[in-house]
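# Descriptive analysis of the structure
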Amino acid sequence: MARLLWLVAILLIASMSANGQEIEEEKTKDSDKWLWDIQVNMGAGFYKHPLKYVEQDDTIDYLELTFSLDLYYKGFFIQSNRRRSSAAEIDFGYQVFTSEDWAVDIILKSFFEDISQEDLDKSNASHLSPRNEAIGIAMRYTHYLDDALITIDTATINIENSANGWALETFYSHLIPYRNWDIYLGAGITFLSADTVNYYVGINAKDARESLPNYRPGAAYAIETEAHAIYPLAEDWTLRLGITKSYLSDNLSNSPIGIRSNTTYFKLGFNYVF
Amino acid sequence: MYFRCLIPYFIVGSSAFVTGLLNAAENTDVPRLTALPNKCVALRHGRTCFAQITLRFTVLKPGRYCITKRNAKQPLYCESIDRYGLFNVEFQSKTKQAYVLVEQSTKQELATTVIDVAWVHQKTSRKRRWRLF
C-alpha cells in the first residue's frame, strides 16, 4: 500500500515539474490541465482520543499546523476534505467519471489512525503489536445536490499479515450559506468488517492476559455528526470553527484496550489561502 | 554658530510641515465622504457580501445632507449637520457599490466613496463548492 502511495505521489510530482509553467497559466481555468489550491491552517484542536488513556497533555498537543494541498492533473488528484472540520484527511485518487451531478473516483484513503506502541503503553497493553494506519483502496461515488453532497466509499483495507478487511463509509454534508458564513452540517456512518475490527481492537488468544482477555468483537460501525463553519476574514484568510462528535458501536467501545464510546473534536483555526 | 542661525528656520520649517500634514489629514477645503471598512469580502465569487459599514462625512457649511446609493432614487439617510456626520450602512451586494453625499436642497453631489467587493475563492459551480475539479 505504501508503495502504491509513493507511486501516485511520484507520478504527480513528475508531471508537476514537467508542466510547472502551466500551473500559473491554468490555475483558475476549468480545464483538463493543472488545477491546484494550497491552504495553511493554524489553530487549536481539542479532542477526546478514541483510546481512553491517550490525552492531550502538553500545550503543543492542542496546536494545529497543517498544509492542505488540492491538486488535479488529467484525472489524477490529491484532495483534502474541505467540507469536513478536520482537513487532515487527504485522498489520493483517479477520477473515473465525472459530471455536474455525480462522480466516480478510485481513491486511497485513511479510514482511521494507527495505534502506536506509545498508545498501547498508555493503555497498559505494551505486549500487543502496534496497529498500522487503516489505509483502504476505495471506489467513491459522489452525488452533488444544490446545497448538499453525498459520498459512498466502498473500500478494501490492507491488514498486516491477514486477509484484507473492508469498510463502507457514507457521509451526507449540507451547506447552509448564512450572510458571509458557510455552515456545513454533516452526518455519516461507517461499517467495518469483522477482520478489520478484530485486527484493530481485538485481542488474540495468544496475547490475552488477565487484564486483557481474548476479544473478538466482529463487525462494527461508527457514526459521525459534524458542524463546521467558515468565515472570510480577508481575501486570503478564513476563520474556521468546527465540532465533530463520533459514536462507536458497543463492540468497539467494549474492547479491553480501552476505547471511548463517543469522542468529541472541537477546532478553531485560521486558514491562509494561497 | 551655524546651528544657532539654523534653529529658527528649523522651527518655522517644522511648524509649517506639521501644519501641512494636519491640513492634508483634515482636508477641510472640500466635502468628504469615507467608508470604513471600504471592502467587503465574501467566500466565493458571485455571492452576496454582507458588512456593517460606517460612513463618515464632512461638509463645509451647516445644512441638510443625505447619503444615497449611486443610481438610487431615494436617499438612505438625511441629517441636518453643522460640519460632521456619521451613518452606519448594512451593506449587501454582489458587486462594488458607490455611495454619494448629496446636499438635500440643491441635489448637488458633494463627495463619493466606493465599497469594493472581493472574494476568497473564484469557483462557483455546484460541484466546485465541494471540490477543486
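Residues numbered from 1 in each chain as written. Chains lettered and ligands numbered in written order. Predicted model: local features only at pLDDT ≥ 70, side-chain atom pairs only at ≥ 80, totals over all residues. Heavy atoms only, no water.

Our next topic: the overall build of chain B. Along its length, chain B carries one helix and eight strands. When its helices and strands are written in sequence order, chain B yields α-β-β-β-β-β-β-β-β. Expressed as a percentage of the 133 residues in chain B, the buried residues total 34%. As displayed, chain B offers around 8400 Å² of accessible surface, 56% of which is attributable to carbon and sulfur atoms. (Helix = DSSP H or I, 4+ residues; strand = E, 2+ residues; numbered from the N terminus. Buried < 20%, exposed > 50% of the residue type's maximum accessible area, 1.4 Å probe, protein only. Areas by Shrake-Rupley, 256 points an atom, 1.4 Å probe, with all protein chains shown as cover.)

Residues and elements named next belong to chain B. Considering all chains together, one arrives at two disulfides over all chains under this definition. Here C40 is linked by a disulfide to C49, with a sulfur-sulfur distance of 2.0 Å. In this structure, the disulfide formed by C40 and C49 twists by about -95° around the S-S bond and is classed as left-handed. There is no split in this pair, since C40 and C49 are both buried. Residue C66 pairs covalently with C78 via a disulfide, S to S 2.0 Å. Its torsion about the S-S bond being 105°, the disulfide of C66 and C78 is classed as right-handed. Note that C66 is positioned in strand 4 (residues 63–69) and C78 in strand 5 (residues 77–81), a separation of 12 residues in sequence. (Disulfide = S-S within 2.5 Å.)

What follows is about the pairing of strand 10 (residues 220–234) of chain A. Residues and elements named next belong to chain A. In this structure, strand 9 (residues 181–192) lies alongside strand 10, joined through 11 bridges in antiparallel fashion. Note that in strand 10 the partner of L185 across the bridge is A227. Relative to strand 11 (residues 237–248), strand 10 is paired through 12 bridges, and the arrangement is antiparallel. In the strand pairing of strand 11, H228 is matched with G242. The antiparallel pairing of strand 10 with strand 11 creates a hairpin that spans two residues between the two strands. (Pairing = 2+ DSSP bridges.)

A few words now on the pattern of salt bridges. Residue and element names in this part refer to chain A. The tally for this structure, following the rule as stated, stands at 13 salt bridges over all chains. D207 serves as the salt-bridge partner of K206, at 3.8 Å between the closest nitrogen and oxygen. Residue K206 is classed as exposed on the basis of its relative accessible area of 65%. When its relative accessible area of 13% is taken as the criterion, D207 is described as buried. Linked by salt bridges that have partners in common, D91, K109, R140, D153 and E169 make up one network. (Salt bridge = Lys/Arg side-chain N within 4 Å of Asp/Glu carboxyl O.)

Now for the nonpolar core. In terms of nonpolar packing, the biggest core is built from 29 residues, with L51(A), F111(A), L128(A), I157(A), V197(A), V201(A) and I203(A) touching the most fellow members. At the level of secondary structure, the elements contributing two or more residues to this core comprise strand 5 (102–112), strand 6 (134–144), strand 7 (148–157) and helix 4 (194–201) of chain A. Discounting chain neighbours no more than four positions away, the residues touching L128(A) are Q117(A), L120(A), I203(A), D207(A) and I257(A). Core analysis: the next-biggest nonpolar cluster, separate from the first, contains 21 residues, C40(B), L55(B), Y99(B) and V117(B) among them. (Core = buried A, V, L, I, M, F, W, Y, C linked by side-chain atoms within 4.5 Å. Contact = heavy atoms within 4.5 Å.)

Okay, a nonpolar patch on the surface next. Residues and elements named next belong to chain A. A surface patch of nonpolar side chains, about 680 Å² in accessible area, is lined by F76, Y94, V96, F97, W102, I106, I137 and M139. Elements with a contribution of two residues or more to the nonpolar patch: strand 4 (90–98), strand 5 and strand 6. At three residues, the largest contribution of residues to the nonpolar patch is made by strand 4. Relative to the helices and strands, I106 resides in strand 5. On the basis of relative accessibility, which here comes to 38%, the residue I106 falls in the partly exposed class. (Patch = residues over 30% accessible without salt bridge, like charges linked within 9 Å, V, L, I, M, F, W, Y side chains within 5 Å.)

So, about the environment of R216(A). All names here are of chain A. Within the fold, R216 resides in the loop between helix 4 and strand 10. Distance in space between the C-alpha atoms of R216 and Y199 is 8.9 Å, their sequence separation being 17 residues. When sequence neighbours within four positions are dropped, the list of residues in contact with R216 reads N198, G202, I203 and N204. For R216, the side chain forms a polar contact with the side chain of N204, separated by 3.0 Å. (Polar contact = N/O pair within 3.5 Å; in protein donor to acceptor, adjacent residues only side chain to side chain.)

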